[in-house]
Every structure is written in C-alpha cells, then in structure tokens.
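As a plain string of letters, each chain reads:
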Amino acid sequence: MDFQVIVVGAGPVGLLLAGLLRRGDVDVVVLEHLAEATGESRASQLNARTMEVLDQGGLLGRLGRMDSVDTGHFGGIPVPAGGVASRFPGFWKMPQFDLEAALTEWVTELGADVRRRHTVQALTDTGERVRVEVDTPGGPVTLHAAWVIGCDGQDSTVRDLAGIAFPGQAAERELLRADVDDIAIADRHFERHENGLAIAHRRSDGVTRVMFHEFGRPPVERTGPPSFDEIVDGWRRVTSEDIGAGRPLWTDAFDDASRQARQYRRGRVLLAGDAAHRQIPAAGQALNLGLQDADNLGWKLTAVVRGEAGDELLDTYHTERHSVGADVMDNVRAQTLLLLGGEETDSLRTVIGEIATLPEGQDQLAAVISGLDVRYSDSSDAKTARATSHPLVGMRLPDIEVPTTRGLVSGIDVLRRGHGLLLDLAGAVPPDRIRGWAERVEHVAAAGRVDALGPELASVLVRPDGHVAWISLIDDVAAGLEEALRRWFGRHRDELTTITGVATRSAPAEKGIYMGTLEGKSALVTGSSRGIGRAIAERLGREGALVVVHYSSDADAADQAVKSIVSAGGRAFAVQAEFGVADDVNTLHRKLEAGLREQHGSVSLDILVNNAGIMGSVNPEDITPEQFDRLVAVNAKAPLFLVQRLLPLIPEGGRIVNISSGLTRFANPSEIAYAMTKGAIEQVTLHYARHLGPRNITVNSVGPGVTKNGNPVFDVPEAREQIAQLSAFSRIGEPADVGDIVAFVCSPDARWMTGTFVDASGGALLG
Ligand SMILES: Cc1cc2nc3c(=O)[nH]c(=O)nc-3n(C[C@H](O)[C@H](O)[C@H](O)COP(=O)(O)OP(=O)(O)OC[C@H]3O[C@@H](n4cnc5c(N)ncnc54)[C@H](O)[C@@H]3O)c2cc1C
C-alpha cells in the first residue's frame, strides 16, 4: 500500500503533525504500537508559543477550559512570564492525556488513518520512497510512503533504523515521582533539603504528586517504574516525612540524560519530538519543543508532498529545529544544575537568582521558558543583506492589525487559514508580483501607511508557522520578493501544472468517488437543504469541498442533505440562519465560523454560493410594498451583506457565485418583483467582480431556467410537456444540471471568468 506520508507514533507530536498534514490534504497514515493511549499524566503544561501554535491550527476550542499561571521557573528560580508579548502569556495547565485525546479526535475528523497495534520493525529508504515493515494484529505487512516521520519517542526505532546517530550526555541524576491518593501533606515548591530536592502539589482532584531527587545519588538501571516502597523510602530520606499510608496511582522515574539526533532528516526519513531530542522535562520544555517541531515541519512537508516546493525545503527543517533543540537542551542542562546540583551549585543559584530579579534578565528568561525567543536565522534571503540583518527576520510576526479597505485585519488571524501572508504595510506591492503564489500566500494590503513594525518597513512576508521569512524596506518595496516566495513557498503557479498529477492525493481516486478539483476547499451554499441549492452542495461535496449546508427552517431537510453528501464520501455540516430578519448575516457568520473552525481547522471559506431566495408569484397589479420589501431583504440585501461580512474569510483565489434567474432575460409578469431582486444580485456580481479582481477572487452569476423544484405542476403531464418545450433540449432542467455548472464556475479551470452571467437554462432563451 502506498501513502504520501507515514507518521510513526501517535504521541502528541505525531498526532499534531498528522493533523497539520491532513489540513493540507496530504494522504497520511499514523502507525502506533500501543493498543490505546497510555493515559499517563506525563507533561502537564503548555507554554505561550505552543498555545499560539494550537490556536493557529484551530485547536484551542477543542481543549476546553484551561487554567493558567503567570509565574514559571528557570531551574527552580521563579520567573514571572505573565507579561510576555503573546495572546497566551503564562503557562497553561493541560494533562498530556487530555491533549492527546483532543488531537486524536481532530486528526480522525480530518480523515487521518490512525492504526493502533501497528509496530514498525524495519524500513528501507530506496531514494524514491520508503518501504516500511510493520507488525500488525493480522501479521506482518509492508507499506510504502514517499516520506516517513519518526515521532516514536525517545527510544525511537525509526531513528535507529535510519542510522541516525544520537550523541549526547549519559544520565548523572535521577528524579522519582508518584501520584498518591489519601495523603495530606503540605505543598512544597522546589524545596531544597540537606539530602535532596522535594516538590509536592495537591491537585484539585485530591491526588498529590510528589517528586524528589537525592543529591549525589546516581541513576538506577531500571526495567520498569520504581516501586512505591522505593518512593516512600526516598521521600523520607529527603523530607523526613512518611507517605507510606498513601495509595499510589502512578510511579515514575526519569533522568537527566541529554541527547540530540545528529540529523533531523536523512533522505526520506525525518524525526520530530522526543525521537529527535531527549532531555529532562524541566519546566515542561520536552513536550512543547516537540509540538513546535511538528509545527515547523507540517507546512514544509505539505508543500513538498503537493509538488509545490522542492525537497530542499525540508533541509531547513533540520537547520532550524536542530539549532532550536540544541539551545533548549543547553538551557535545560543549566536548569538541571540549578535544580539538582548539590552545595557546589549554591553560588551559581545565587548569581542567576539575582539576574532573574533584573527586568532584562527576567524578560530573557521569560522568553526562553515561554518558547518565544526563537529566531530562525536561516529565514532570510542571504542576497538581500539589509533584510537579512533586520531584527524582525526569523522572528514570530508580532500581533498587529492593519487597516485595509475591508476594515482592520489581524495578521495572526489570517495565518489561521494555514497559508502564508504578505503584509503590505504601505499598500504598495503590485498584486501581480504575488499572483503566482496567490493560493499559498494571502496579500493583505494596508490602506495607508502602517508604522507599527518600524517606519523603515514596507512589507513583511510571513510563513504559515508565523515566522517572518523576508522583509522589504520603503525605498524598494518588493526587492527580492520573488526569490523569497520561491524559497519558502515553492514554484510559481504556472510551473505547477505539470506537477499537479503527481501531487494529487491517491485515496479519492482509488475510491472513484471524487473528481477532487475542490479537495481541501470549503464552501458555503445558502439555501441548500433542497432543490438547486442541495444539488450544488452535493456536487461541491463530490469534488472534495467541505460543504456548509445553510438552511432557514427545515432542519430535517438540511440533515438529509448533509447525510447525502457524507454517504457519497464527502464532508458537510449544516447551519441555520433565517434571512430577512435583524442580524441575519451576523448570525450565519457566527455559526459558520464556529463550524469551520471545528470541522476544517481554519475559518477559511474558499467558495460562497448565494443561492437562498424566495419567489413572488404575485401579479404586478397585486404586489404590496411589504411583499416587495421581503423579496428584496432575502434575495438581494442578504447576499450583498453576506459577501461583505464573509470577505475576510475568503482567501485569494476564492469563488463567489450568485444564483440569479433566466427571468432577468425573459418576461414573466407574475414574478416582476422577484426578477427585480435577481437583477439586483447580478449587479452585486458585476461590481464585486471588479472590486475583488486584485485579490484574484472571481464573482459570477449563474441563471437557471425552469428547473424541477418539487412544485406539483411538474407532476401534470400536459404542463410538463409544455414547459419542456421552453428548452432547446425539450426537457425540464434537473437541479443537478445547475449544480454541475456551478461546480465548474467554482473550479480552478474557471479562473479566467469573472463578472459574467452564465446561462443555466438549457437554451431557454433561444426562441
Ligand atoms: C514517563 C514520562 C514522564 C514524562 N513527564 C513529563 C513532564 O512531566 N513534563 C514534560 O514536559 N514532559 C514529560 N515527559 C515527556 C513528554 O511526555 C514527551 O516530551 C512527549 O510525550 C513527547 O511526545 P512524542 O510524541 O515525541 O513522543 P511520545 O509521547 O513518546 O510518543 C511516541 C509514540 O510512538 C510509539 N512508538 C514507539 N515505537 C514505535 C514503533 N516502533 N512503531 C509504532 N509506534 C511506536 C509509542 O508507543 C508512543 O505512543 C515525560 C515522558 C515520559 C515517558
């Protein structure tokens, strides 16, 4: 069996990586040795940078309520970190098993294949692909993949099989710990005693975690966790306290061995998380470092698998993350000395403790333990010397808002869509300079000059992981932009056409269900619980888009539409919002965003089909102002403001389709008011098409003729015969006839049409 990527290990790092790859539509399988997650508490806190990463992935909503504390520690020395420049300052409490459960749910919804009781035994990198031998409950199997990522923890089999060295320092010290119920002892915060260090913390569920180290005691060779007796004896030696009457729930020992894989990439095999670096989990940095590896690798591997970028992009994963790992291991070793060193380290502790009271010292240590000090020194274009030396290059994009013609736009919010970002701070980068990367990089042009990042800056190119790849200065707004785009985002769109065949996912083609032109896209079809709207939704679903079925009142019909899309192999969910009432558009926007964040992992909306509408069926003599107002409110006003409200979610290359009517081309007096509203929506098309051209968003109208819509008139043979004659094909249109045309207008092939009226009436106008 062939996959684009095999991830080995369903720990937190493997799961996050698999989810990030699935967001980019990569065909990924996760192989995990364990039948189920360990349920061990292990790591228990996330730092500010990890919280940012999870936020960008649209994951925070899944983690539920989290408590945070402002003060962390560096080797036991308290460090206030509540003031760091992040949306998530401080340290966030989250047991590792809860994080793993949320990640598992997320990747499963995204369609990643997680196979438990699958143990990797051997692998061979042929240069073209990797052959992986796996033990499964059904016996040994052989799988193949273009890339294999070892996220299989500190004793990584993948690392060994790939022949990647793991040099470093052997363990010199050991900590023992236990979760104990039914004891009542005081909390101890890094308490130094004559014989050792003791920590105790009673959790809200009444369980107390105790942890201690005995100064000068070397690590014990172990084949399993320590016994509770060993913990009780050690705790007594350090604290003189007896916890022997307690009930042990979990015991564990860990040491201060410190090792790092020499290469994070070897050929088609890469490592992330504990497989790449082993360190004592001081201040929770082990888990956080691993999750941030996955964040760095996810978008790069996606670009390579999709054929957009060459595999040299993956070498930057090694360069960047190996260097960050080495820094973290350095600071962890320093912390270990401060924490676990005996009397010989007292003076060191005093000196560092004093530095930690100075504002600069505090800021530095807070940035280090929050994961916010990372600067990728390789993130610049070496040929542009001034840009290379700019302090912003390689750093995370600061949290700024840019005034645009669409209102205030936050750079960080745009990054949630999983793309790169060109922040055009002077609004001066010509759109055609970036058009070749429009599907991968969003261009946010300021309406006026923005100085927030420095008066000298003209524009900032940001990678999907939020790190600044390139900047330009005001005297030359786009110098080196193309080189930076090529380096970080891959080839120009025109050079991709011959490669897309290679990059297409294999699974849908095998199923024979999708044509897949809209794989990875999301689409909202208003009024799609039945009729033409439902046919459009079903067709977009078959093309691979995640479809949002909007309805006004018939929840059962919407449910049927969703089920029909899902049973055809697609993905869909329904949202309810009534049009023509106060706050209609805001209600839909709110529910849409929540649904997209949950189901799509981002709030990006690639396709908007304004289909919802009501008919008039009132003669010109009888139409009342109230009836007219209602028709206008639902058919014209709601779509106009829906486009306005949803535009911040629609990326470059997006599609807007307004369903008009053949009645704007031929007369039917009993629909005079309805036809007026359809004429109005064609104006929305025309003017927005011009307005959104620079963002490469197309806007078109599709005009159905007489189409079967459940009206009883279509059950009368004579009426049917007569109506059929209106079409050049002598038949009545089916909703799917219109759905297919709309799918084309939404497809990449329709990129060169905008502002048009597309007739979908089966030649009803031909006479
Ligand atoms: C006992 C213990 C206590 C810890 N306590 C803390 C703490 O207090 N604070 C902190 O920050 N960090 C702590 N850590 C570290 C933290 O748990 C890790 O940093 C984190 O789990 C790393 O995630 P990972 O996904 O890289 O690896 P892991 O979570 O180790 O996941 C690796 C997965 O790969 C699977 N696997 C291994 N080999 C194979 C194979 N051949 N085939 C298929 N699957 C395989 C394993 O079953 C496992 O599920 C602790 C770790 C341990 C082991």
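Remember, it's a predicted structure, so these values are computed and weren't measured experimentally.

A. How the structure looks around the site of the ligand. Close to the ligand lie 27 residues, the nearest being E32, Q96, V120, R177 and D274. With respect to the ligand, the backbone of P12 contributes an N or O atom lying 3.4 Å from an oxygen atom. With respect to the ligand, the backbone of V13 contributes an N or O atom lying 3.0 Å from an oxygen atom. Summarising the interface, the protein chains cover 85% of the accessible area of the ligand, which totals 990 Å² for the free molecule. Put simply, the parts of the chain that give the shell around the ligand at least two residues each are α1 (12–23), β2 (28–32), β9 (119–125) and α6 (285–305). Of the residues belonging to the shell around the ligand, the class tally is eleven nonpolar, ten polar and six charged.

B. Molecular detail of the packing of aromatic side chains. Here the structure, examined in full by the defined rule, presents five aromatic pairs. Residues Y264 and Y317 carry aromatic rings whose centres are separated by 5.9 Å and whose planes lie at 45 degrees to one another, so their mutual orientation is tilted. With a gap of 53 residues between them, Y264 in the loop between β18 (258–260) and β19 (265–266) and Y317 in helix α7 (residues 312–340) connect regions that are remote in the sequence. Each member of the pair, Y264 as well as Y317, is classed as buried. Ring centres of W299 and W488 lie 6.4 Å apart, and the angle between their planes is 45 degrees; this geometry places the pair in the tilted category. Taken together, the residues W299 in helix α6 and W488 in helix α12 (residues 481–489) connect sequence positions 189 residues apart. For W299, a relative accessible area of 11% corresponds to the buried category.

C. The side chain of R173, seen in detail. Tracing the chain through its elements places R173 in the loop between β12 (168–169) and β13 (174–181). Residue classification places R173 among the buried positions, given a relative accessible area of 17%. When near neighbours in sequence (up to four residues on either side) are disregarded, R173 contacts H213, R217, P219, F254, D255, D256, T336, L337 and L340.

D. The pairing of strand β28 (residues 522–525), seen in detail. Burial along β28 is two-sided: the residues S522 and L524 and A523 and V525 are all buried. Pairing of β28 with strand β29 (residues 546–551) involves four bridges; the strand directions are parallel. Among the inter-strand pairings, A523 is bridged to a residue of β29, identified as V547. What joins β28 to β29 is helix α15 (residues 531–542), and the crossover it makes is right-handed. One ladder, built from three bridges, connects β28 with strand β31 (residues 607–610); its direction is parallel. Among the inter-strand pairings, A523 is bridged to a residue of β31, identified as I607.

E. Fine view of the pairing of β9. Pairing of β9 with strand β10 (residues 130–136), which is carried by six bridges, proceeds in the antiparallel orientation. Bridging from a neighbouring strand, T119 pairs with D135 of β10.

F. Quick look at helix α16 (residues 555–567). Taking 1.5 Å as the rise per residue, α16 with 13 residues should run 18 Å; its terminal C-alpha atoms sit 18 Å apart, in good agreement. When α16 is considered as a whole, its buried residues turn out to be A557, A558, A561, V562, S564 and I565. Axial view of α16: buried residues confined to an arc of 160 degrees, hence all on one face. Structural note: α16 exposes D556 and S567 on the side pointing more than 90 degrees away from its buried face.

G. Main features of the domain arrangement of the protein. Domain boundaries assigned for the protein yield domain 1 (2–168 + 259–370), domain 2 (174–255), domain 3 (385–489) and domain 4 (513–707). Between the C-alpha centres of domain 1 and domain 2 there is a distance of 27 Å. Between domain 1 and domain 2, the residue contacts involve 16 residues of the former and eleven residues of the latter. For the domain 1 and domain 2 pair, buried surface summed over both sides reaches about 1100 Å², with 58% attributable to carbon and sulfur atoms. Our count for the contact surface shared by domain 1 and domain 2 stands at one salt bridge. With its nearest N and O atoms 3.1 Å apart, the salt bridge here joins R278 to D255. Between the two partners, domain 1 and domain 2, sit four residue pairs in polar contact (both at pLDDT 80 or more). Contributing elements (two or more residues each) for the side of domain 1 that touches domain 2: α7 and α8 (346–355). Here the side of domain 1 that touches domain 2 gets three residues from one element, more than from any other, and that element is α7. Looking at side-chain class alone, the side of domain 1 that touches domain 2 contains five nonpolar, six polar and five charged residues.

H. Structural detail: the sheet that holds strand β16 (residues 208–214). Taken together, the five strands give an open sheet; going across it, the order is β14-β15-β16-β13-β17, and neighbouring strands pair in antiparallel fashion. Both outer strands of the open sheet, β14 (188–192) and β17 (247–255), are each paired with one neighbouring strand and no more. Averaged over all neighbouring strand pairs, the angle between strand axes comes to 15 degrees, with direction disregarded.

I. Representation of unusual backbone geometry within the structure. Notably, S240 is not glycine yet its phi reads approximately 65 degrees, a positive angle. Note that S240 resides in the loop between α5 (228–239) and β17. Overall, S240 belongs to the exposed group, its relative accessible area being 66%. Backbone geometry at D583 places phi at a positive 70 degrees, although glycine is not the residue there. In this structure, D583 sits in the loop between β30 (571–576) and α17 (584–600).

J. Spatial organisation of the nonpolar core. Counting residues in hydrophobic clusters, the biggest one holds 87 residues, and the most contacted among them are V5, I6, L16, L46 and I149. At nine residues, α6 tops the list of elements feeding residues into this core. Split by domain, the residues of this core number at least three in each of domain 1 (2–168 + 259–370) and domain 3 (385–489). Apart from residues no more than four positions distant in its own chain, L16 is found in contact with V53, L54, L59, L103, W106, L291 and A294. In terms of nonpolar packing, the next biggest core, distinct from the first, is built from 31 residues, L646, I650, I656 and I697 among them.

K. Seen up close, the confidence of the model for the protein. On average, the protein scores 90 in pLDDT, and the residues at 70 or more come to 95%. The low-confidence segment residues 379–387, where pLDDT is below 50, has 23 contacts with residues more than four positions distant or belonging to other chains. Per-residue pLDDT stays below 50 along residues 498–515; that stretch engages in 29 contacts with residues further than four places along the chain or on separate chains.

Thresholds, definitions, all that
- Residues numbered from 1 in each chain as written.
- Predicted model: local features only at pLDDT ≥ 70, side-chain atom pairs only at ≥ 80, totals over all residues.
- Heavy atoms only, no water.
- Near = heavy atom within 4 Å.
- Polar contact = N/O pair within 3.5 Å; in protein donor to acceptor, adjacent residues only side chain to side chain.
- Areas by Shrake-Rupley, 256 points an atom, 1.4 Å probe, with all protein chains shown as cover.
- Helix = DSSP H or I, 4+ residues; strand = E, 2+ residues; numbered from the N terminus.
- Nonpolar A, V, L, I, M, F, W, Y, C, P; charged D, E, K, R; others polar.
- Phe/Tyr/Trp six-rings, centres within 6.5 Å; stacked < 30°, edge-to-face > 60°.
- Buried < 20%, exposed > 50% of the residue type's maximum accessible area, 1.4 Å probe, protein only.
- Contact = heavy atoms within 4.5 Å.
- Pairing = 2+ DSSP bridges.
- Right-handed = clockwise from strand over helix to strand, strands pointing away.
- Expected span 1.5 Å × (residues − 1).
- Arc of directions from axis to C-beta.
- Domains from an automatic or database assignment.
- Buried area = accessible area lost by both parts, 1.4 Å probe.
- Salt bridge = Lys/Arg side-chain N within 4 Å of Asp/Glu carboxyl O.
- Axes fitted to C-alpha atoms, helices over the stretch in contact; angles between N-to-C directions.
- Core = buried A, V, L, I, M, F, W, Y, C linked by side-chain atoms within 4.5 Å.
- pLDDT = per-residue confidence, 0-100.

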